[in-house]
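Structural features, examined
Here is how the chains run, residue by residue.
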Amino acid sequence: MSIIGQSITRVDAEAKVRGQALYPGDVYLPDMLHMKVKFALRPHARVVKIDTSKAEALPGVILVLTARDVPVNEYGLGMYDQPVLCGPGGVKEYTDRVRFEGDQVALVIAEDEETAAKGRDLVDVEYEDLPGVYDPIEAMKDGAPLLHPDKGSNIFTRYRIRKGDIEEGFKKADVIVEGEYRTPAQEHAFLQPEAGVAYYDDQGRITVIVGGQWTHKDRDQIAHALNIPADQVRVIYPAIGGAFGGREDMSVQIILALAVMRLKEKGIDRPVKIVWTREESIIGHNKRHPFIFQTRWGATRDGKIVAAKVTVIADGGAYAYTTPKVLGNANLMCTGPYEIPNVWVDSFGVYTNNIPNGAFRGFGGPQSSFEAEMQVSKLAEKLGMDPVEFRMGNLLDEGALLSVGTPLPRGVSIKKVVQKCAETAGWTQTASGWQAPKVDAINGKWTGIGLACAFKNVGFSFGAPEQCTATIELHGEAEIDRVILKHSGAEVGQGSHTVFVQMAAEALGVPVDRIELVASDTAFSENSGSVSASRMTFMAGNSIRGAAQEALEKWEAEERPAISTYTYRPPKTSMYDPETGKSEPNFAYGYVAEAVKVSVDPETGEITLEDIVCADDVGKAINPQQVEGQIEGAIVQAAGYALLENFIQEQGITKTRTLSTYLIPTVLDIPKRVKPVVLEYADPIGPWGARGMGEMPYMPLAPAVITAVKNATGKWFDEFPLTPEKVLRGLGKIP
């Protein structure tokens with residue numbers, strides 16, 4: 001019987017349930033020192049002077065490090081624009097500036113955590129405050145304070161799309177909808193804040209045990225900042241308490257490695273540990289990008305979208321992080337999964353003195369889906385058409401051209417997904433077209449139903465090098481009695497390690513209990529790429545299947561043990577043409593649609609999610625239970641984004657820096673009912689047909705919720721979260 005498609009127990013389940021699995025904060029090594037960070041706690045300033053003498057004189061403090069101690073004081077996932085430590089003494093210009101409250105200024109290493117904290121507070125820093133800019137539209141203007149004077153502008157990324165003739169398109173339109181939409185920042189709120197331990201291993205390598213999403217990229221950034229060869233750095237991921245994109249960028253990795261390196265230079269060979277508090281985590285790591293969309297769409301009276309013009313502005317915060325890639329996705333997805341003959345898009349990534357913004361589940365897609373689906377729902381309303389009927393007449397199909405002038409890869413299923421979602425939610429097809437279900441009032445509350453859909457890339461986009469490597473060892477004599485699978489792919493809660501084992505067992509024809517997984521350790525496993533972009537099952541599956549095939553061939557040739565290392569490379573993608581945007585942006589996609597029924601209390605403004613249907617084409621559900629878990633988890637997270645999570649920064653200072661002021665969904669806030677509809681239309685190049693799906697259920701929830709609220713209240717809301725206060729204000733019940 002095939003192991004693919006079976007809901008086997010997670011390989012990490014028992015250790016996590018029993019408390020045996022070690023997370024970074026659980027690691028204790030003999031003779032370990034502790035480290036604390038001196039954060040800037042101001043949005044924009046020049047560090048004039050740092051006096052460490054009082055901290056160094058404190059008994060128990062072993063070492064204090066500042067910018068002068070960093071060999072190459074720069075790092076960054078996309079571009080090296082962030083200092084490891086901010087302050088005077090660096091070789092690179094402008095590393096003496098702090099650009100957001102979470103910039104790191106000094107490190108204190110001590111015998112225990114309490115002493116390290118006292119030492120941190122004794123570090124005196126003299127600042128010269130600089131004017132800040134906190135709104136991306138203001139930051140784009142001439143004369144705005146520059147965060148990075150060497151770049152000459154706060155606009156650090158821009159894209160454009162030009163398809164057809166936009167003015168002619170609007171001339172053909174019988175109805176036009178214009179709008180400005182704003183989406184909020186969002187905190188990842190993963191289970192364990194940033195934590196880690198560093199030490200020298202028995203091979204003399206700086207070893208960092210930490211939570212992350214791409215071991216080899218972490219290793220390379222550490223090596224760059226320390227100015228040492230990459231093979232002198234080892235990165236290990238133990239159990240990781242969630243990520244959602246928030247661990248793609250550096251937090252404690254480099255400073256841990258720097259600490260043990262500088263200690264050893266002083267003859268002190270001791271491990272160093274750090275655990276951030278929740279408050280440090282909230283100010284210290286990136287958030288979901290807030291976006292501003294200025295948009296105008298037009299359609300004909302028979303229901304065809306003929307033109308879409310969109311300006312996309314992303315608040316990148318103080319440093320680039322993944323903004324160029326996130327904006328690249330938003331630039332493509334801001335016109336939705338629709339075939340539109342005339343498209344004009346201008347997109348900008350902008351520096352501000354806010355917390356840097358970066359990867360978060362959906363990676364620019366949820367923001368763009370909100371804008372696109374709101375425009376589509378409003379066009380349907382203006383035309384007097386059912387929203388499903390209108391969508392079905394415009395959705396992309398096999399061979400249809402994207403806004404960038406090229407077709408989607410084969411396997412386009414968005415129409416099937418929308419149809420299944422609509423039918424499951426109660427829509428009916430009649431002779432006159434689709435008709436929405438009637439919804440009854442609930443205990444005197446207003447009710448409404450809304451639907452939205454989306455598509456999302458699988459894998460790295462726009463020409464980024466994309467590959468994934470797996471190693472398989474077959475041991476035994478007459479038959480394979482033991483398999484070692486080496487793979488760097490991270491397990492951040494989504495179940496990747498379980499499906500690795502399932503896919504290896506399937507490819508080799510052996511039971512899962514014969515597979516031994518050696519994962520996420522750069523000393524043993526080759527580069528797998530990041531566990532992001534809904535790519536890991538897709539990429540790992542193809543790499544594991546390739547390694548298995550080669551290893552079996554060696555086994556048949558009597559090679560013992562039979563060992564194969566295989567690197568999978570998908571079809572190439574290409575970057576946007578700078579003038580037209582024409583490109584081959586992605587090699588695979590996932591497709592999703594969601595219908596949401598809400599009730600709204602007109603007295604309190606409280607919104608309750610009564611029913612949610614999520615139809616998701618996953619290609620092939622490798623582990624169906626995990627797929628359903630991903631759907632349910634994404635919906636809860638997206639519900640927090642749409643209704644509850646109100647991240648507040650004022651003049652660059654975070655006001656919601658604890659989980660008592662930044663509210664995430666609890667068991668009392670989750671939807672009453674969620675119905676996952678798992679569809680399996682095989683991707684032509686996916687392993688066993690699988691598509692990535694971890695981000696897809698997140699994508700269209702906010703516009704589906706807000707359309708449902710509109711149908712309940714008669715009021716459109718063009719920004720969120722829809723807190724009760726915002727609802728009541730929108731209804732005119734409070735000023």
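Everything in this summary refers to the structure shown in the same document.

Quick notes on the rules
Residues numbered from 1 in each chain as written. Predicted model: local features only at pLDDT ≥ 70, side-chain atom pairs only at ≥ 80, totals over all residues. Heavy atoms only, no water. Helix = DSSP H or I, 4+ residues; strand = E, 2+ residues; numbered from the N terminus. Rg over C-alpha atoms; globule rule 2.2 N^0.38 Å. Buried < 20%, exposed > 50% of the residue type's maximum accessible area, 1.4 Å probe, protein only. Pairing = 2+ DSSP bridges. Contact = heavy atoms within 4.5 Å. Polar contact = N/O pair within 3.5 Å; in protein donor to acceptor, adjacent residues only side chain to side chain. Phe/Tyr/Trp six-rings, centres within 6.5 Å; stacked < 30°, edge-to-face > 60°. Lys NZ or Arg CZ within 6 Å of the ring centre and 35° of its normal. Expected span 1.5 Å × (residues − 1). Salt bridge = Lys/Arg side-chain N within 4 Å of Asp/Glu carboxyl O. Axes fitted to C-alpha atoms, helices over the stretch in contact; angles between N-to-C directions.

When helices and strands are tallied, the protein chain shows 17 helices and 29 strands. Whereas a compact globule of 735 residues would reach a radius of gyration of roughly 27 Å, the protein chain reaches 26 Å, a difference of no more than 12%. Across its three principal directions, the C-alpha atoms of the protein chain cover 80 × 75 × 55 Å. The burial tally for the protein chain puts 62% of its 735 residues in the buried class.

A separate point is the pairing of strand E7 (residues 155-163). Taking burial as the measure, the nine residues of E7 include seven buried ones, the bulk of the element. The sheet contact formed by E7 and strand E16 (residues 343-351) spans eight bridges and is antiparallel. Residue pairing for E16: Ile161 is matched across the bridge by Val345.

Right, let's get into the environment of Gln186. Looking at where Gln186 falls in the secondary structure, it is placed in the loop between strand E8 (175-183) and strand E9 (195-200). With a relative accessible area of 1%, Gln186 lands in the buried category. Sequence spacing of Gln186 and Phe538 is 352 residues, and the spatial spacing of their C-alpha atoms is 27 Å. For Gln186, the contacting residues outside a window of four places in its chain are Lys287, Arg288, Phe360, Gln637, Tyr641, Glu645, Tyr662 and Tyr698. Only 2.9 Å separates the side chain of Gln186 from the side chain of Arg288, close enough to count as a polar contact.

Looking now at the packing of aromatic side chains. How two aromatic rings sit relative to each other is given by the distance of their centres and the angle of their planes. Scanning all chains against the criterion turns up 14 aromatic pairs. Residues Phe39 and Trp276 carry aromatic rings whose centres are separated by 5.4 Å and whose planes lie at 75° to one another, so their mutual orientation is edge-to-face. Of this pair, Phe39 sits in strand E1 (residues 33-39) while Trp276 is found in the loop between strand E12 (272-275) and helix H8 (278-284), placing the two residues 237 residues apart along the sequence. Across the pair, exposure class does not vary: Phe39 and Trp276 are buried alike. Pairing Tyr181 with Phe370 gives two aromatic rings, centres 5.7 Å apart and planes at 85°, and the pair type is edge-to-face. One end of the pair, Tyr181, is in strand E8; the other, Phe370, is in helix H10 (residues 365-383), with 189 residues separating them in the sequence. Under the relative-accessibility criterion, Phe370 is labelled buried at 0%. Here the aromatic residues Tyr181, Phe370, Tyr641, Tyr698 and Phe720 are joined through ring pairs into a cluster of three or more. Sitting over the face of the ring of Phe360, Arg288 holds its NZ or CZ atom 4.2 Å from the ring centroid.

With that settled, consider the environment of Ser7. Along the chain, Ser7 turns up in the segment before helix H1 (13-17). Residue class for Ser7 comes out partly exposed when judged on its relative accessible area of 42%. Sequence-wise, Ser7 and Gln625 are 618 residues apart; in three dimensions their C-alpha atoms are separated by 5.4 Å. Contacts of Ser7, omitting those with residues within four sequence positions, involve Asn623, Pro624 and Gln625. Among the polar contacts made by the side chain of Ser7, one reaches the main-chain amide nitrogen of Gln625 at a distance of 3.0 Å.

This part takes up helix H14 (residues 536-556). Each turn of an α-helix holds 3.6 residues, which means side chains three or four residues apart point in the same direction. The end-to-end C-alpha separation of H14 is 29 Å, in line with the 30 Å expected for 21 residues at 1.5 Å each. Downstream of H14 by a residue or two, Glu558 has a phi angle that is positive, lying close to 70°.

Quick look at the side chain of Ser532 now. Examined against the element boundaries, Ser532 turns out to sit in the loop between strand E23 (515-519) and H14. A distance of 2.8 Å separates the side chain of Ser532 from the side chain of Ser530, its partner in a polar contact. Here Ser532 is in contact with Gln213, Glu248 and Phe460, once residues within four sequence places are set aside.

Next up on the list: the pattern of salt bridges. This structure, assessed with the given rule, holds 45 salt bridges. Here Arg270 ties to Glu111 by a salt bridge, and the two come within 2.9 Å at their closest N and O atoms. Here Arg270 is found in the loop between helix H7 (253-265) and E12, whereas its partner Glu111 is found in the loop between strand E5 (104-110) and helix H3 (113-122), with 159 residues between them in sequence. One salt bridge connects Arg162 with Asp346, and the closest N-O pair in it is separated by 2.9 Å.

Each strand in a sheet pairs with another by means of backbone hydrogen bonds, the pair being arranged parallel or else antiparallel. Within the open sheet, the five strands sit side by side as E7-E16-E15-E14-E8. Their pairing is mixed. Edge positions in the open sheet fall to E7 and E8, since each of these has one partner strand only. Taking the axes of each pair of neighbouring strands and ignoring which way they run, one obtains an average angle of 5° across the sheet. Bridge count between strand E14 (residues 291-299) and strand E15 (residues 305-317): nine bridges; the pairing is antiparallel. Residue pairing in the sheet places Gly298 in a bridge with Ala307 of E15. Those strands touched by helix H9 (residues 323-333) are E7, E14, E15 and E16, and its axis lies near 20° from that of E7.

Take the environment of Asp12 next. Counting through the fold element by element, Asp12 comes out in the segment before H1. By relative accessible area, Asp12 is classed as buried at 13%. In this structure the C-alpha to C-alpha distance between Asp12 and Gly495, which are 483 residues apart in sequence, comes to 8.5 Å. Setting aside chain neighbours within four positions, we find Asp12 in contact with Glu491 and Thr498. In terms of polar contacts, Asp12 uses its side chain to reach the side chain of Arg10, at 3.0 Å.

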